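# Close look at the chain arrangement
Letter by letter, the chains look like this.
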Amino acid sequence: MRDRLRRVDGGTVATHILLSLGALVMVFPFLWQLLTALKTLPEAVHVPTTFLPQEWNWSAFKEVFTALPYGRMLGNSVINTVGRTAGQLVFCSLAAYAFARMRFRGKNVLFALFLSVLLVPSSLLILPQYDIIQRLGLLNTPPALFLPGMFSAFGTFMLRQFFLALPRDLEEAARIDGAGPFRIFWSIMLPLIRPALAALAVITAMWSWNDLLWPLVVNTDPAKMPISAGLTSLEGQFETNYPVMMAGSLIASLPMILLYLFLQRHFVQGIAQSGTKG
C-alpha cells in the first residue's frame, strides 16, 4: 500500500514538474519582453545580452505614445476585433443552424463548398478582397479592416457540430407551442451552445487582434492602422528601438490576455466539448 502511494505521489510530482516547466516556457517570452522594455537601447542591443536590466528604465512606455498615434491605433484594433467577432458570431451561428437543423435542397453540396474555403490559403484572397474594398471606396477606413473577416467557414463548421448534438425534441416542443424557426434559434438553441460561442469569440478576437497582412494592405494611413500593423513602423532600416517596440507590444497584448481570462471557463468548456460532438 505504501509503495502504491509512493508511486502515485511520484507520478503527481513528475506531472506538476512537467506542467511547471511548460508554463515557464509559455511565460518566458512575456518576461523577456518586459525586461527588454525596461532596458535602454544600448543595453538592449549589447552583445552578449543581459537578462536583467542594469538600470530599470520606464521611459519606453511613455515614448511609445509619442512615436506612434498609439491611442488611435488601439482604437482601430478594438473596432477591427469587435467588428469581426460580432460578425462571425451572428453570421456563422445563423449559417451553422441552417446547415445543422434545417432541410433544403442542395444542403450537403453547399456545405461541402463552404468547407472547401478552408483549403484556400487566405493570402490568395487578398487581391479580390482589396479590389472589392477599393470599388466600395472604403480604403483607409475602419470598415475596411473587418468587413472581409465577418464570416468564416471554420466558425460555421465549429458551431454546426454543436447544433447537431442538440436533441430534436427541443425543436419539436417549441413548434408545438407555436414558435417559428427564428424564435427557436434565438431563444432555445443559441443559449445551449454558449460555450461554443465563447470559444469562437476568443479565437476570432485573437486572430483579428494579431492580423498583420490585411491591415498593411488595405490601410496605409498610420492613423487608420491597427496596433499590429502600426508596431511594424518602429522597425527601422538601420536601427530599431527595441525597448519602445517591446513596450508597445506588451501594452497591445494586455487586452487579449484580459479577454481570455474573462472567457477562460467558457473557452475551455467549448474546446473540450468540441471533441465529443458529432
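Scroll up to find the structure.
Residues numbered from 1 in each chain as written. Predicted model: local features only at pLDDT ≥ 70, side-chain atom pairs only at ≥ 80, totals over all residues. Heavy atoms only, no water.

## So, the side chain of serine 93
Here serine 93 lies in helix H4 (residues 70-101). Overall, serine 93 belongs to the buried group, its relative accessible area being 2%. A distance of 2.9 Å separates the side chain of serine 93 from the backbone oxygen of valine 90, its partner in a polar contact. In this view, serine 93 contacts Gln88, Leu159, Phe163, Phe185, Leu190 and Leu197; residues no more than four positions away in its chain are not counted. (Helix = DSSP H or I, 4+ residues; strand = E, 2+ residues; numbered from the N terminus. Buried < 20%, exposed > 50% of the residue type's maximum accessible area, 1.4 Å probe, protein only. Polar contact = N/O pair within 3.5 Å; in protein donor to acceptor, adjacent residues only side chain to side chain. Contact = heavy atoms within 4.5 Å.)

## Quick look at a nonpolar patch on the surface
Together, Met26, Val27, Phe28, Leu31, Phe51, Leu52, Trp56 and Trp58 line one region of the surface with nonpolar side chains, adding up to about 870 Å² of accessible area. With respect to the secondary-structure elements, phenylalanine 51 resides in the loop between helix H2 (41-44) and helix H3 (59-67). (Patch = residues over 30% accessible without salt bridge, like charges linked within 9 Å, V, L, I, M, F, W, Y side chains within 5 Å. Areas by Shrake-Rupley, 256 points an atom, 1.4 Å probe, with all protein chains shown as cover. Salt bridge = Lys/Arg side-chain N within 4 Å of Asp/Glu carboxyl O.)

## Details of the pattern of salt bridges
Tallied over the full model, the rule gives 5 salt bridges. Between glutamate 171 and arginine 175 there is a salt bridge, with the nearest N and O atoms lying 4.0 Å from each other. Taken together, the residues glutamate 171 and arginine 175, both in helix H9 (residues 169-176) and 4 residues apart, mark about one turn of the helix. Judged by relative accessible area, which is 1%, glutamate 171 ranks as buried. When its relative accessible area of 48% is taken as the criterion, arginine 175 is described as partly exposed. Through salt bridges with shared partners, a single network forms among Arg101, Arg168, Glu171 and Arg175.

## What about H3?
By the burial criterion, the buried members of H3 are Ala60, Phe61 and Val64. Buried positions in H3, seen along its axis, are confined to an arc of 105° and lie on one side of it. Among the exposed residues of H3, those oriented more than 90 degrees off its buried face are Lys62 and Thr66. (Arc of directions from axis to C-beta.)

## Describing helix H11 (residues 194-210)
Over its 17 residues, H11 extends 24 Å from the first C-alpha to the last, a length consistent with the 24 Å expected when each residue adds 1.5 Å. The buried count for H11 comes to 12 of 17 residues, which makes it a mostly enclosed element. Of all the positions in H11, only Pro195, Ala196, Leu197, Ala198, Ala199, Leu200, Ala201, Val202, Thr204, Ala205, Ser208 and Trp209 are classed as buried. (Expected span 1.5 Å × (residues − 1).)

## Examining the environment of tyrosine 97
Along the chain, tyrosine 97 falls in helix H4. Considering only alpha carbons, one finds tyrosine 97 and phenylalanine 185, 88 residues apart in sequence, at a separation of 7.4 Å. Ignoring any residue separated from it by four or fewer positions in sequence, one finds tyrosine 97 in contact with Met102, Phe163, Glu171, Pro181, Ile184, Phe185 and Met189. Here the side chain of tyrosine 97 touches glutamate 171 through a polar contact of 3.1 Å, side chain to side chain.

## Quick word on the environment of glutamine 88
Among the structural elements, glutamine 88 can be located in helix H4. C-alpha of glutamine 88 to C-alpha of glycine 155: the two residues are 67 residues apart in sequence and 7.0 Å apart in space. In contact with glutamine 88, not counting residues within four places along its chain, are Ser93, Gly149, Met150, Phe151, Ser152, Leu200, Thr204 and Trp207. Polar side-chain contacts of glutamine 88 include one of 3.1 Å to the backbone oxygen of glycine 149.

## Observations concerning the environment of glycine 248
Tracing the backbone shows glycine 248 in helix H14 (residues 242-274). On a C-alpha basis, the gap between glycine 248 and phenylalanine 61 in space is 7.1 Å, while along the polypeptide they are 187 residues apart. In contact with glycine 248, not counting residues within four places along its chain, are Val64, Tyr70 and Leu231.

## Side note on the side chain of serine 152
Summarising the element assignment, serine 152 is placed in the loop between helix H7 (142-146) and helix H8 (153-165). Leave out the neighbours within four places in its chain, and serine 152 touches Gln88 and Cys92.

## Structural notes on the packing of H4 against helix H10 (residues 181-192)
Relative to each other, H4 and H10 sit at 105°, their axes nearing to 12 Å. Accordingly, the angle class assigned to the pair H4 and H10 is roughly perpendicular. Seen from H4, the contacting residues are Ser93, Leu94, Tyr97 and Arg101; seen from H10, they are Pro181, Phe182, Ile184, Phe185, Met189 and Leu190. Partitioned by chemical class, the residues of the contact of H4 with H10 number 8 nonpolar, 1 polar and 1 charged. (Axes fitted to C-alpha atoms, helices over the stretch in contact; angles between N-to-C directions. Parallel < 35°, antiparallel > 145°, perpendicular 65-115°, else oblique. Nonpolar A, V, L, I, M, F, W, Y, C, P; charged D, E, K, R; others polar.)

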